[in-house]
Amino acid sequence: MDIKIKTLDGTDAGTVTLNDEIFGLDPREDILQRMVRWQLAKRQAGTHKIKGRSEIARTGAKMYRQKGTGRARHSSARAPQFRGGGKAHGPVVRSHEHDLPKKFRALALRHALSAKAKTDSIVIIDELKSSEAKTKVVAKAFEGLGLANALIIGGAEIDEGFARSARNIAQIDVLPVQGINVYDILRRRTLVLSKAAVEALEERFK
């Protein structure tokens, strides 16, 4: 698959051939869904917690005598049915992570890249560097390229001036190639790759 390379100024800078084994697959929604679910579960803090009856600081004395009152037999005011008592079956601190094989995660990334390629939502930029490290300048360059909602993937290192300028723009995310992931690819309309990122991805999936 051949695709044109652009500069940030919008001029042509040649073409690049994308590997069909990475960008030419027929995307499967079930694979992408499982991967997104794994990512979202992995990033959940799992720190939700509520106190059970054993953790409530209330007297353990019997509320009233066992017989002769005509009321139900209760022993502790910590029981869940009383105001101020512990909660029954409430959330506890736990991990939400579940296993997903490494080969499956790699496959899901290739399917996500192929999904963007299939809908012509990939833009290749020659170099992610701006003449001026100003948000206004970078925003104008993105506007010229038609990028309003995009994930931008650079090489192993991203120019600090460019990254600082771009991070202030709404609906624009900038990541190094090591941070590329299925969830961020799918949540943005356009995927922007630098030439260095394309080379790194092809090297990664050799």
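In this text, all values refer to a predicted model and were calculated from it rather than measured experimentally.

1. Considerations on the packing of aromatic side chains
Tallied over the entire structure, the rule returns 1 aromatic pair. Directly above the aromatic system of Phe104 lies the positively charged group of Arg34, at a separation of 4.4 Å from the ring centroid. The side chain of Arg71 reaches across the aromatic face of Tyr64, ending 4.0 Å from its centre.

2. Looking at the nonpolar core
If you look at the biggest cluster of nonpolar residues, it comprises 32 residues, and the most contacted ones within it are Phe23, Leu113 and Leu193. With 6 residues, helix α3 (residues 102–118) is the single largest residue contributor to this core. For Leu113, the contacting residues outside a window of four places in its chain are Ile22, Phe23, Ile122, Ile180, Ile185, Leu191 and Leu201.

3. With respect to the sheet that holds strand β3 (residues 122–125)
Taken together, 6 strands build an open sheet; the order of strands is β2-β1-β3-β6-β4-β5 and the sheet is mixed. Bordering the open sheet on either side are β2 (12–17) and β5 (172–175), each of which pairs with just one other strand. Ignoring which end each strand starts from, the neighbouring axes of this sheet average 30° apart. In the sheet, strand β1 (residues 2–6) pairs with β3 via 2 bridges, with the strands oriented parallel.

4. Notes on the side chain of Ser194
By the secondary structure assignment, Ser194 is in strand β6 (residues 190–194). The class for Ser194 is buried, based on a relative accessible area of 4%.

Calculation rules
- Residues numbered from 1 in each chain as written.
- Predicted model: local features only at pLDDT ≥ 70, side-chain atom pairs only at ≥ 80, totals over all residues.
- Heavy atoms only, no water.
- Phe/Tyr/Trp six-rings, centres within 6.5 Å; stacked < 30°, edge-to-face > 60°.
- Lys NZ or Arg CZ within 6 Å of the ring centre and 35° of its normal.
- Core = buried A, V, L, I, M, F, W, Y, C linked by side-chain atoms within 4.5 Å.
- Buried < 20%, exposed > 50% of the residue type's maximum accessible area, 1.4 Å probe, protein only.
- Helix = DSSP H or I, 4+ residues; strand = E, 2+ residues; numbered from the N terminus.
- Contact = heavy atoms within 4.5 Å.
- Pairing = 2+ DSSP bridges.
- Axes fitted to C-alpha atoms, helices over the stretch in contact; angles between N-to-C directions.

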